[in-house]
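Chain by chain, the residues run as shown.
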Amino acid sequence: MALFFNTTISPTSKSFTCYHSSPEPQISKTPQKPPENPIFKIKGPSTLSGHITISGSKNSSLALLAATLCCSGSSLLHNVPNVSDIKAMASILSSLGAKIEAFDGKMMVDSDGIRKVEVDLEEMKKIRGGFFVLGPLLSRFGEAVVDLPGGCNIGKRPVDLYLRGLSALGAHVELREGKVWAHAANGRGLVGGRFRLDYPSVGATETLLMAASLADGVTVLSNVAKEPEVVDLARFLRDSGASIEGAGTDTIVIRGKSWLHGSECVITPDRIEAGTFMLAAAITRSCISMSPVIPSHISCLIHKLMKAGCRISQSDQHTLKVSAVPTYIGGNLSGFDIRTSPFPGFPTDLQPQTMALLTTCSGSSLVEECVFDKRMSHVRELQKLGAKIQVCESTALVLGKQNGSSLRGSHLVASDLRGGASLILAGLAAEGITEINDIAHIDRGYENIDWKLQCLGADIERLAPNACGYLGKLELGKWVHAYIGKNGIKADGFIENALVDIYAKCGSIEKAFGVFQGMKSRDVFSYTAMIVGYAMNGEAQRALDIFAEMPIVGIKPDEVTFVGVLFACSHAGMVDEGWKHFKDMSRVYNLEPQTEHYGCMVDLLGHAGLTSEAEQFVENMPIEPDAFVWGALLGACSVYGKVELGESIMKKIVTVEPAMKERKVKKTPGCSLIEVNGVVHEFRKGNKSHPNVEELKKLLKEMAIHLRTYGFVCSKQEAGLSHKCLEKFDMVEEILLEEVVTCSGKVVEENGLEVVEIYRHNEVWRWGRKLGKRDVGFLRWRRKLGKRNIGFLRWRRKLRKRNIGFLGVRWRRKLGKRNIGAVRWRRKLGKRNIGFLGVRWRRKLGKRNIGFTWGEMEEEAWEEEHMVSWGEMEEEASEEEHMVSWGEMEEEASEEEHRVSWGDMEEKAWEEEHRVSWGDMEEKA
Ligand SMILES: CC(=O)N[C@H]1[C@@H](OP(=O)(O)OP(=O)(O)OC[C@H]2O[C@@H](n3ccc(=O)[nH]c3=O)[C@H](O)[C@@H]2O)O[C@H](CO)[C@@H](O)[C@@H]1O
Ligand SMILES: C=C(OP(=O)(O)O)C(=O)O
């Protein structure tokens with residue numbers, strides 16, 4: 001059946017085309033028509049068996065589809081996967097005037113009808129491959145205008161190498177309005193040249209290869225990508241008449257031709273899909289076979305899996321059988337280390353899926369992502385399943401299990417293609433139900449993955465979600481709705497705005513950005529939610545980058561936007577930027593700064609050490625400062641030890657709120673929302689109408705007592721103040737918790753504990769209790785500072801009459817036979833004998849020495865410095881020394897090991913919970 005289409009491929013038209021004479025797939029069911037915005041529901045643990053057919057490579061297909069634009073007449077591609085990226089690519093080619101027919105896994109592209117050299121389509125921003133048309137358009141038609149590319153959100157993905165390479169071939173390239181404008185500088189066409197890539201970028205190599213094929217003269221490209229997809233592309237171009245030598249090596253020589261004709265090509269099997277299924281067999285401890293596979297394309301993974309204990313055999317040239325059945329392999333799989341790198345190294349596109357497997361293997365494994373700088377979003381989701389993973393930037397330490405997986409089903413969100421696939425694998429291995437939302441990411445690159453897994457015996461379904469299914473709970477959905485209502489978000493696409501907001505507030509900033517990026521139309525609310533979100537999560541520069549986009553797209557910021565902008569500046573210590581934006585409010589945008597804006601400025605000045613300037617700023621305010629402004633100044637005092645000024649401000653804080661009440665100052669009341677057992681409760685400032693208000697007050701009091709008893713104080717600003725101020729915390733706590741703070745939170749039950757989780761600014765407070773004979777509880781908090789994710793856990797406590805605090809930070813770790821952990825602490829003796837306890841860790845793996853830099857640790861230490869006075873520290877140090885036996889330290893060590901990343905803090909918090917009961921703490925003291 002020949003099916004002509006302009007922009008789409010029929011969802012069910014693809015059959016499983018065999019690459020060569022492989023056994024017929026043992027598939028009995030037919031794929032279901034997918035529901036709108038579906039989710040995956042997986043019931044685990046699954047055991048897989050049978051044979052599966054591997055589709056053609058998505059990445060090869062994208063490059064070859066772009067390459068058809070180099071060719072006059074028709075080209076026929078076989079084994080093209082039916083995935084959404086290919087549909088998007090087909091739309092792009094169609095929009096340029098190409099005629100496309102898709103049938104039965106084949107695509108015929110006739111590019112003779114091309115009338116346009118500018119792509120003006122949303123699809124360009126969604127996928128990576130769309131950008132590849134730049135090379136062919138430029139070389140065949142002499143000019144091209146394309147949007148900057150999209151693709152997975154896995155870190156910085158610049159296109160400098162593409163553009164510099166094209167310039168070396170005689171193109172004039174400009175970046176304007178988010179688009180690349182390119183034309184042949186000589187007015188005729190590209191000319192051959194020499195270009196060395198700084199990094200063997202796959203996309204840049206492919207783009208330059210296509211461009212050079214039609215350039216006048218010889219082109220030599222060096223340090224190019226050697227990926228099989230590059231070789232596939234060169235094969236197609238050669239079959240179309242191009243002269244290309246060296247594809248698959250470091251240097252490619254291209255002798256340009258004046259024209260290329262269309263040709264026919266079978267797309268190489270998708271090595272990443274094959275790898276994903278091999279890992280599916282391993283994680284489920286099953287045995288499956290697959291074809292067609294080219295083993296040399298995934299030799300790295302094959303070696304690693306064999307090292308882990310899997311049996312892998314080849315029944316014919318293109319059929320692989322993978323077994324991880326315990327009785328067959330004689331035990332559990334062992335963990336292993338991976339480090340991603342360009343081909344033939346370990347593919348970055350298999351890193352997340354491999355990490356999922358490692359969570360179920362014995363021992364610890366190290367995963368180093370060296371190709372992309374932010375390809376770790378799946379870690380948080382895997383942690384929700386119970387995986388023990390600790391991350392520092394692009395390195396993850398996966399703590400496996402001795403006896404197979406102990407993952408438990410949960411509600412997850414896929415944040416990118418391979419990260420999403422890793423969640424499917426983990427879901428197959430996990431006990432119980434796993435739901436995965438945002439699976440459109442997965443559909444970008446896996447053809448009918450659910451159906452293929454069903455055919456292997458997995459219990460996986462593609463379901464239509466309920467309206468708020470992304471969070472997995474209808475009750476939570478109601479909460480989201482309530483939240484939207486309370487914040488007056490009215491824009492079209494308000495659901496998306498709310499999602500951006502809610503994700504950001506829950507600390508899932510990448511997910512918030514994912515929603516933001518995918519929005520069809522954005523308004524001031526969308527931008528504000530994203531800016532405030534970034535600011536709250538310590539990503540100041542990203543907040544300011546988003547803000548800078550607003551005038552470009554013609555959206556005027558409002559007062560709330562500026563709260564986010566100033567908050568961001570304050571977080572990053574950007575004093576000049578902060579001043580500029582503050583002044584711009586009235587100067588450029590005609591907005592009158594409110595107390596919130598003044599408060600942010602005071603915070604910014606105060607934390608930059610400009611306390612006098614901050615004080616003066618407050619004095620000169622044209623409106624009356626409120627508790628928010630005073631609170632900010634108080635924070636600065638605490639950080640810089642201005643005790644006297646701090647105490648006078650304390651007095652003002654406790655008088656200013658009642659005074660404002662008396663004068664009936666109208667303010668938008670602070671509002672907090674909390675979900676308890678699926679019911680949303682709202683608290684407004686000064687409103688005591690909640691039916692359980694008395695009970696809640698009791699609970700707050702109880703929390704406050706624990707806070708003080710164990711040396712926790714409510715706000716970081718007040719933490720450094722002298723003990724004299726301690727009695728005033730009562731009042732401050734009341735104000736912070738009941739009157740001023742606008743926060744959200746929820747109460748959940750976890751491991752028999754009732755846990756209150758409150759999200760406030762960039763902090764997450766968790767407080768848990770178990771009401772048995774003794775009150776056993778915990779309290780901890782985490783936060784994110786500056787550009788980097790710096791989280792830490794601290795605790796302090798009061799012993800009898802003296803206030804002796806201690807900071808326990810230590811770890812040690814023994815991996816295998818070698819002892820590769822180290823713990824250090826040091827203190828710095830300055831003029832005032834003010835010191836800090838720094839911890840650094842390093843590990844030695846083979847020849848490499850990987851560790852945190854001292855600078856980072858110092859920054860962390862610096863934070864701690866403000867919290868604990870030196871006297872206390874010294875006390876503490878000696879106390880600790882005598883008090884903590886080595887065994888205890890080891891215990892504690894494994895739990896505190898990675899304090900640095902955001903997700904880890906939560907994980908660690910949980911560890912703590914089981915370890916430290918109030919009783920224990922007292923005993924230890
Ligand atoms: C559609 C497609 O084929 N996608 C694949 C392609 O993506 P893509 O072609 O985008 O990946 P690249 O090889 O270009 O990127 C690798 C690294 O190079 C850097 N870089 C790249 C281009 C540039 O001009 N400047 C620069 O610095 C990137 O930031 C990144 O850190 O290869 C990746 C690496 O194997 C795979 O994960 C993707 O699945
Ligand atoms: C990163 C990937 O795709 P893209 O480059 O298209 O974003 C991928 O296939 O894993």
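For the structure itself, consult the block above.
On a predicted model such as this, the values are computed, not experimentally measured, just so you know. (Residues numbered from 1 in each chain as written. Chains lettered and ligands numbered in written order. Predicted model: local features only at pLDDT ≥ 70, side-chain atom pairs only at ≥ 80, totals over all residues. Heavy atoms only, no water.)

Asks: Report on the environment of T611, specifying residues and quantitative values.
Replies: As for its position among the elements, T611 is in helix α24 (residues 611-619). Accessibility expressed as a relative area gives 6% for T611, which makes it buried. (Helix = DSSP H or I, 4+ residues; strand = E, 2+ residues; numbered from the N terminus. Buried < 20%, exposed > 50% of the residue type's maximum accessible area, 1.4 Å probe, protein only.)

Asks: Before we move on, can you summarise the site of ligand 2 with the specific residues and values?
Replies: Neighbouring ligand 2 are 13 residues, the closest being K58, C152, R157, R418 and R444. The contact in question runs from an oxygen atom of ligand 2 to an N or O atom on the backbone of C152, over 2.7 Å. Side-chain polar atom of R157 to an oxygen atom of ligand 2: 2.7 Å apart, as the coordinates give it. In isolation ligand 2 offers 290 Å² of accessible surface; the protein chains occlude 94% of this area. The set of elements that each furnish at least two residues to the shell around ligand 2 consists of α1 (58-67) and α13 (417-429). (Near = heavy atom within 4 Å. Polar contact = N/O pair within 3.5 Å; in protein donor to acceptor, adjacent residues only side chain to side chain. Areas by Shrake-Rupley, 256 points an atom, 1.4 Å probe, with all protein chains shown as cover.)

Asks: Which residues make up the sheet that holds strand β10 (residues 179-184), and what values go with them?
Replies: Pairing within the open sheet is antiparallel, and its three strands lie in the order β8-β10-β9. If you trace the sheet from one side to the other, it starts and ends with β8 (143-147) and β9 (171-176), each paired once. Averaged over all pairs of adjacent strands, the angle between strand axes in this sheet comes to 15°, irrespective of strand direction. Where β9 meets β10, six bridges bridge the pair, whose relative direction is antiparallel. Across the sheet, R176 pairs through a bridge with K179, a residue of β10. Across the sheet, helix α4 (residues 134-141) touches β8, β9 and β10, and the angle it forms with β8 is around 160°. Across the sheet, helix α5 (residues 160-168) touches β9 and β10, and the angle it forms with β9 is around 150°. (Pairing = 2+ DSSP bridges. Axes fitted to C-alpha atoms, helices over the stretch in contact; angles between N-to-C directions. Contact = heavy atoms within 4.5 Å.)

Asks: A description of helix α2 (residues 84-96) should follow, citing residues and the corresponding values.
Replies: For α2, with 13 residues, the first-to-last C-alpha span of 19 Å sits near the 18 Å given by 1.5 Å per residue. With ten of 13 residues buried, α2 is to be regarded as a mostly interior element. Looking at α2, one finds that the buried residues are D85, I86, A88, M89, A90, S91, I92, L93, S94 and L96. Buried-residue contacts for α2 involve α1, β6 (99-103), β7 (106-110), α3 (123-126) and α4. G97 occupies a position one or two residues after α2 and carries a positive phi of about 115°. (Expected span 1.5 Å × (residues − 1).)

Asks: With reference to specific residues and values, describe the site of ligand 1.
Replies: Taken together, 19 residues surround ligand 1, and among them D160, S201, G203, D349 and V371 come closest. R128 has a polar side-chain atom sitting 2.9 Å from an oxygen atom of ligand 1. For ligand 1, an oxygen atom lies 2.5 Å from a polar atom in the backbone of V371. Bound to the protein, ligand 1 loses 88% of the 730 Å² it would expose on its own. Put simply, the parts of the chain that give the shell around ligand 1 at least two residues each are α1, α5 and α6 (202-213). Looking at the shell around ligand 1 element by element, the count peaks at three residues for α5. Across the shell around ligand 1, the residue classes tally to nine nonpolar, four polar and six charged. (Nonpolar A, V, L, I, M, F, W, Y, C, P; charged D, E, K, R; others polar.)

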